[in-house]
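Next come the chains, spelled out residue by residue.
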Amino acid sequence: MNVRDQSLHKKQTLSFYGETVPSRLLLGTAGYPSPAILAEAAKASGASVVTVSLRREAAGGKVGERFLEIIKSLGVRVLPNTAGCRTARDAITTAEMARELFGTNWVKLEVIANDDTLQPDVFGLVEAARTLAADGFKIFPYTTEDLSVAERLQQAGCEVIMPWAAPIGSGRGLANVAALKSLRAYFPDVKLVIDAGIGAPSHAALAMELGYDAVLLNTAVSKAADPVGMAEAFAKAIEAGRLGFEAGLMPPRDMAVPSTPVAGTPFFDIE
Amino acid sequence: MLNAMPKIELIVNGRKSETGAQTLAGLLDEHELSNAKVATALNGHFIPEGKRATTRINVGDSVEIVSARQGG
């Protein structure tokens, strides 16, 4: 085990901004076949934090209220996002509206640079993070795996950083494992959450084995043939990955090493 | 009506709209959203619930009225 990483391997309860979070799976609430399946999947996942958003209201406000009722029934903490915002200004205003509407100063900060890749605009992200942190927000920034951007987000006041695994909704898994490892090693005390691009439970398990604190995902569960079953699969994968990380993975080797003792092998003489 | 206020044109949630309201609270009332769980912004700036009644709206303003939705 790497000496620098030892503190990371301790069994520890996860907390964000001083708030204990029982589950290392953060679940998105979008794109489920029905509200009932969303509720069942959320329960099966064991998630104690779910992401939500704001959208333009019509129809006398009933759409939003019906969704709020579902979320309240889950008894979970909400993490409002600024999904779709393309400028720091839009993201800041959206965060302010979300704080009032959801009654939380937590915000999943997204500033999107490109419609095709949904890549974060890291410049706008840092700018928005500075303003929001000064206004008392607890920020969960959706960013890339870039280390220098993460450093600026931390300097802006982010105690949690959420690098993507791959583009949102792509399901490709951890596209740049080496960079994600570097990020983990460089920020042993920052809460790191893999956000976006997870497609399979094994992707989430790998993120946890790398020492990431949690995983945030949505589409892999909501678009599964059986979202409730997939939510449970992710819960178990994340738990297994975390247990593996805490137990300390063996270092990989370039050559084979026999697991059965060599000494005493019949018909084998060392000369 | 003799006392009716002249209507003004503005943008509500991205669409051209006409209103006789003079304040953000009045606009929400017109849209039957006075008691709804919504948040508001005027010309890109957040307007807290407590300031809607004193926030005047003018020709060409852009108003956002949002509520809770599913999100990733």
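Basis of the calculations
Residues numbered from 1 in each chain as written. Chains lettered and ligands numbered in written order. Predicted model: local features only at pLDDT ≥ 70, side-chain atom pairs only at ≥ 80, totals over all residues. Heavy atoms only, no water. Helix = DSSP H or I, 4+ residues; strand = E, 2+ residues; numbered from the N terminus. Rg over C-alpha atoms; globule rule 2.2 N^0.38 Å. Expected span 1.5 Å × (residues − 1). Contact = heavy atoms within 4.5 Å. Polar contact = N/O pair within 3.5 Å; in protein donor to acceptor, adjacent residues only side chain to side chain. Phe/Tyr/Trp six-rings, centres within 6.5 Å; stacked < 30°, edge-to-face > 60°. Buried < 20%, exposed > 50% of the residue type's maximum accessible area, 1.4 Å probe, protein only. Buried area = accessible area lost by both parts, 1.4 Å probe. Salt bridge = Lys/Arg side-chain N within 4 Å of Asp/Glu carboxyl O. Pairing = 2+ DSSP bridges. Axes fitted to C-alpha atoms, helices over the stretch in contact; angles between N-to-C directions. Left-handed = near helix turned anticlockwise from the far one by under 90°. Nonpolar A, V, L, I, M, F, W, Y, C, P; charged D, E, K, R; others polar. Right-handed = clockwise from strand over helix to strand, strands pointing away.

*Asks:* Looking at this structure, I do not really get the overall build of chain B. What am I missing?
*Replies:* The helix and strand inventory of chain B stands at one helix and five strands. Shown N-terminal to C-terminal, the secondary structure of chain B runs as helices and strands in the order β-β-α-β-β-β. The C-alpha radius of gyration of chain B comes to 12 Å, within 12% of the 11 Å expected for a compact globule of 72 residues. C-alpha extents for chain B along the principal axes are approximately 50 × 20 × 20 Å.

*Asks:* Whenever I open this one, helix H4 (residues 122-134) of chain A confuses me. Can you help?
*Replies:* Since the α-helix packs 3.6 residues into each turn, any two residues three or four apart lie on the same face. Residues and elements named next belong to chain A. Between its first and last C-alpha, H4 extends 18 Å over 13 residues, near the 18 Å set by a 1.5 Å rise per residue. The secondary structure elements touched by the buried residues of H4 are helix H3 (88-102), strand S6 (106-109), strand S7 (138-143) and helix H5 (147-155). Measuring from the backbone nitrogen of Phe123 back to the side-chain oxygen at the start of H4 gives 3.1 Å, which picks out Asp121 as the cap. Just downstream of H4 lies Gly136, where phi reads positive at about 90°.

*Asks:* What exactly am I supposed to notice about the packing of aromatic side chains here?
*Replies:* A ring pair, where both rings are aromatic, is described by two values, the distance of the centres and the angle of the planes. Residue and element names in this part refer to chain A. Enumeration according to the criterion identifies six aromatic pairs over all chains in this entry. Centre to centre, the rings of Phe16 and Trp106 are 6.2 Å apart; their planes meet at 80°, and the pair counts as edge-to-face. Here Phe16 is found in strand S1 (residues 15-16), whereas its partner Trp106 is found in strand S6, with 90 residues between them in sequence. Taking relative accessible area as the criterion, Phe16 reaches 0% and is therefore assigned buried. For Trp106, a relative accessible area of 3% translates into the label buried.

*Asks:* Please explain the interface of chain B and chain A as it appears in this structure.
*Replies:* Interface size, as often reported, equals the accessible area lost upon joining of the parts. Taken together, the 27 residues of chain B in the interface contact 29 residues of chain A. Around 2,300 Å² of area is buried between chain B and chain A when both sides are counted, 57% of it from carbon and sulfur atoms. Where chain B packs against chain A, one counts three salt bridges. Of the charged contacts in the structure, one is a salt bridge between Arg52 of chain B and Glu100 of chain A, with a shortest N-O distance of 3.4 Å. Across the chain B-chain A interface, the total number found is 18 residue pairs in polar contact (both at pLDDT 80 or more). Those elements that place two or more of their residues in the side of chain B that touches chain A are strand S3 (39-42), strand S4 (45-47) and strand S5 (62-70) of chain B. Ranked by residues supplied to the side of chain B that touches chain A, first place goes to S5 of chain B with seven residues. As judged from the five bridges shared by strand S4 (residues 49-56) of chain A and S5 of chain B, these two strands associate in the antiparallel manner. For Arg56 of chain A, the partnering residue across the bridge sits in S5 of chain B and is Val66 of chain B.

*Asks:* Explain the packing of H5 of chain A against helix H6 (residues 177-186) of chain A to me, please; I cannot follow it from the model alone.
*Replies:* A pair of packed helices is characterised by two quantities: the angle between their axes and the separation of those axes. Residues and elements named next belong to chain A. Two elements in contact, H5 and H6, have axes separated by 10 Å at closest approach and are oriented at 35°. In terms of crossing hand, the pair formed by H5 and H6 is right-handed. Mapping the contact onto sequence places Leu147, Ala150 and Glu151 in H5 and Ser182, Leu183 and Tyr186 in H6. Partitioning the contact of H5 with H6 into residue classes produces four nonpolar, one polar and one charged.

*Asks:* Help me understand the pairing of strand S8 (residues 160-163) of chain A, please; the structure alone is not making it clear to me.
*Replies:* Residue and element names in this part refer to chain A. Because side chains alternate across S8, one face comprises the buried residues Val160 and Met162, and the other comprises Ile161 and Pro163, equally buried. Both S7 and S8 contribute to a ladder of two bridges, which runs parallel. Its bridge partner lying in S8, Thr143 is registered against Pro163. As for the winding sense of the linkage, the β-α-β connection from S7 through H5 to S8 is right-handed. Note: S8 against strand S9 (residues 191-195), two bridges, orientation parallel. Residue pairing across strands places Val160 opposite Lys191, the latter belonging to S9. One crossover worth recording links S8 to the parallel S9 by way of H6, and it is right-handed.

*Asks:* Before we go on, may I ask you to explain the side chain of Asp195 of chain A in this structure?
*Replies:* Residue and element names in this part refer to chain A. One can find Asp195 in strand S9. By relative accessible area, which is 2% here, Asp195 ends up buried. If we ignore the near neighbours within four places in the chain, the residues touching Asp195 are Lys108, Tyr142, Met162, Pro163, Trp164, Ala165 and Leu216.

Scope: geometric values only; no functional claims are made or implied.
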